[in-house]
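# Descriptive structure summary
Okay, here's what each chain looks like letter by letter:
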There are 2 protein chains.
Amino acid sequence: MNFDETDKNLLLFLQEDAKQTTKELSYKLGLSVTAVYERIKKLENSGVISKYVALLDKHKIERNFVVLCHVKLSQHKKEYVLQFEKEIMTLPEVTECFHVSGDYDYILKICLKDIADYRNFMVTKLTTLQHIASTHSSFMISEVKNTTAIVL
Amino acid sequence: MNFDETDKNLLLFLQEDAKQTTKELSYKLGLSVTAVYERIKKLENSGVISKYVALLDKHKIERNFVVLCHVKLSQHKKEYVLQFEKEIMTLPEVTECFHVSGDYDYILKICLKDIADYRNFMVTKLTTLQHIASTHSSFMISEVKNTTAIVL
DNA sequence: GGTGAAAACACTCTCAG
DNA sequence: CTGAGAGTGTTTTCACC
């Protein structure tokens, strides 16, 4: 798909605040309401905009103890990889899990209440998974930048 | 703040799809439109719901080359830390940056088009920052799980 | 806490140009 | 792309359980 400057600006506005009305956006973009409406529908229907979501304040819901956990598997057999990934999917504490290159196989982002919950999670959930060779956790000290928006 | 089961379900629904009407939500929750409306307003006004955003498909916008980069500073002087964080904030390619405990000081998530853009970013942007001792990058092979929703 | 209804308003969506 | 109109959802208030 091809994006002109108006599309790029529109996508940035919607990534910052999805509850703006087409009227507000039409003013910011210098277009008519209908023109903006049709551009948004095109971006939605083509799948460029995948979904609209509410973001929560991690402090207010007591999930601001964030851990980035590196995981290494004992073997890279297809069966082991698939089983590990399947089990990770079911853990609500794990909000992100990326299969990566390098010393470790996976990097997980885990959102918890405090270090007691972290200990509980590691002992009763993560380390009970099969085929894990080792893990290495980094605790988040502060969130320097954390955006869902991608600038085009 | 205190959340009952209805609030928890409501927050989950809104984290999955923020464009649902209060009518749809009232049906799913077994409440009246007014009751749902007032709960949502309360969650918005208290800051539990911090914002509503559009999420984009990284493949469709050609930013699906994701790198998780570990950065170590040469010294932890307050001045160096603040300068590094300030500069990171201005880089649009960096969508997330966490100050963490452990061997490295920061973990960054960087979204780019391809490995050529990665090379360019490292050479012309990241490694030109002051006070960086070392970096270690892991390329994302696959996204096992990537959600913005936190289950309460 | 909750319901249901009514009214005013704003927005979405379609259509002719 | 624009402007206008019809349809729909939002928002508020109210009496009441």
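Residues numbered from 1 in each chain as written. Chains lettered and ligands numbered in written order. Predicted model: local features only at pLDDT ≥ 70, side-chain atom pairs only at ≥ 80, totals over all residues. Heavy atoms only, no water.

In the nomenclature of an unreviewed UniProt entry, chain A corresponds to Lrp/AsnC family transcriptional regulator from the organism Chryseobacterium oryctis.

Turning our eyes to something else, we now look at the protein's contact with DNA strand D. Around DNA strand D lies a shell formed by A:Leu31, A:Ser32, A:Thr34, A:Ala35, A:Arg39, B:Thr21, B:Thr22 and B:Tyr37. Among the atoms of DNA strand D lying within 4 Å of the protein, the sugar-phosphate backbone contributes 71%. One of the side-chain nitrogen or oxygen atoms of A:Ser32 is found 2.2 Å away from a phosphate oxygen of DNA strand D. Contact distances for DNA strand D include 3.0 Å between a phosphate oxygen and a side-chain N or O atom of A:Arg39. Top contributing element to the surface near DNA strand D by residue count: helix α3 (residues 33-45) of chain A, with 3 residues. Broken down by class, the residue content of the surface near DNA strand D amounts to 3 nonpolar, 4 polar and 1 charged. (Near = heavy atom within 4 Å. Polar contact = N/O pair within 3.5 Å; in protein donor to acceptor, adjacent residues only side chain to side chain. Helix = DSSP H or I, 4+ residues; strand = E, 2+ residues; numbered from the N terminus. Nonpolar A, V, L, I, M, F, W, Y, C, P; charged D, E, K, R; others polar.)

So, about the relation of the copies chain B and chain A. Mapping chain B onto chain A is achieved by rotating through 180° and translating by 0.0 Å along the same axis, at an RMSD of 0.1 Å. In the structure described here, the two chain copies are related by an operation that fits a two-fold rotation axis. Among all residues of chain B, the one whose C-alpha sits closest to the rotation axis is B:Val53, at a distance of 2.8 Å. Residue by residue, 100% of the interface of chain B is reproduced at the interface of chain A, so both copies engage with the same surface. (Least-squares fit on C-alpha atoms with pLDDT ≥ 70 in both. Contact = heavy atoms within 4.5 Å.)

Once that is clear, we can look at the packing of aromatic side chains. For any two aromatic rings, the description comes down to two numbers: the centre-to-centre distance and the angle of the planes. Residue and element names in this part refer to chain A. Taken as a whole, this structure holds 8 aromatic pairs over all chains when the rule is applied. When the centroid spacing of 6.4 Å and the interplanar angle of 55° are considered together, the rings of Phe 65 and Tyr 118 count as tilted. With a gap of 53 residues between them, Phe 65 in strand β2 (residues 65-73) and Tyr 118 in helix α5 (residues 115-124) connect regions that are remote in the sequence. Classification of Phe 65 as buried rests on a relative accessible area of 18%. Residue classification places Tyr 118 among the buried positions, given a relative accessible area of 13%. (Phe/Tyr/Trp six-rings, centres within 6.5 Å; stacked < 30°, edge-to-face > 60°. Buried < 20%, exposed > 50% of the residue type's maximum accessible area, 1.4 Å probe, protein only.)

Once that is clear, we can look at unusual backbone geometry. Its identity is not glycine, yet A:Glu62 carries a phi of approximately 55°, on the positive side. The residue A:Glu62 is located in the loop between β1 (49-56) and β2 in this model.

On to the pairing of strand β3 (residues 94-100) of chain A, then. With 7 of its 7 residues buried, β3(A) lies for the most part within the structure. Pairing analysis gives 5 bridges linking β3(A) to strand β4 (residues 106-112) of chain A, with the strands arranged antiparallel. Directly across from A:His99, in β4(A), lies its bridge partner A:Tyr106. Counted between consecutive antiparallel strands, the loop separating β3(A) from β4(A) contains 5 residues, among which A:Gly102 sits at a positive phi close to 110°. Sheet topology note: the β3(A)/strand β5 (residues 132-146) of chain B ladder contains 5 bridges and is antiparallel. Within the sheet, the bridge partner assigned to A:Val100 lies in β5(B) and is B:Met140. (Pairing = 2+ DSSP bridges.)

Moving on, we get to the sheet that holds β3(A). Paired through backbone hydrogen bonds, the strands of a sheet run either parallel or antiparallel to each other. Spatially, β2(A)-β4(A)-β3(A)-β5(B)-β2(B)-β4(B)-β3(B)-β5(A) is the arrangement adopted by the 8 strands of the closed barrel, whose pairing is antiparallel. Between one strand axis and the next, the sheet turns by 35° as a mean value, whatever way the strands run. Strand direction decides the pairing type here: strand β2 (residues 65-73) of chain B and β5(B), joined by 7 bridges, are antiparallel. When the sheet's bridge partners are listed, B:His70 is paired in β5(B) with B:His136. Its contacts with the sheet place α5(A) against β2, β3, β4 and β5 (132-146) of chain A, and it is angled at close to 150° to β5(A). (Axes fitted to C-alpha atoms, helices over the stretch in contact; angles between N-to-C directions.)

Residue and element names in this part refer to chain B. Mapped onto the elements of the fold, Lys 78 is located in helix α4 (residues 78-89). When its relative accessible area of 66% is taken as the criterion, Lys 78 is described as exposed. Between the C-alpha atom of Lys 78 and that of Ser 32, which follows or precedes it by 46 residues, the distance is 53 Å.

With that out of the way, let us pick up the domain arrangement of chain A. Entries for chain A in the domain assignment read domain 1 (5-45) and domain 2 (65-139). Using C-alpha coordinates to define each centre, domain 1 of chain A is positioned 39 Å away from domain 2 of chain A. (Domains from an automatic or database assignment.)

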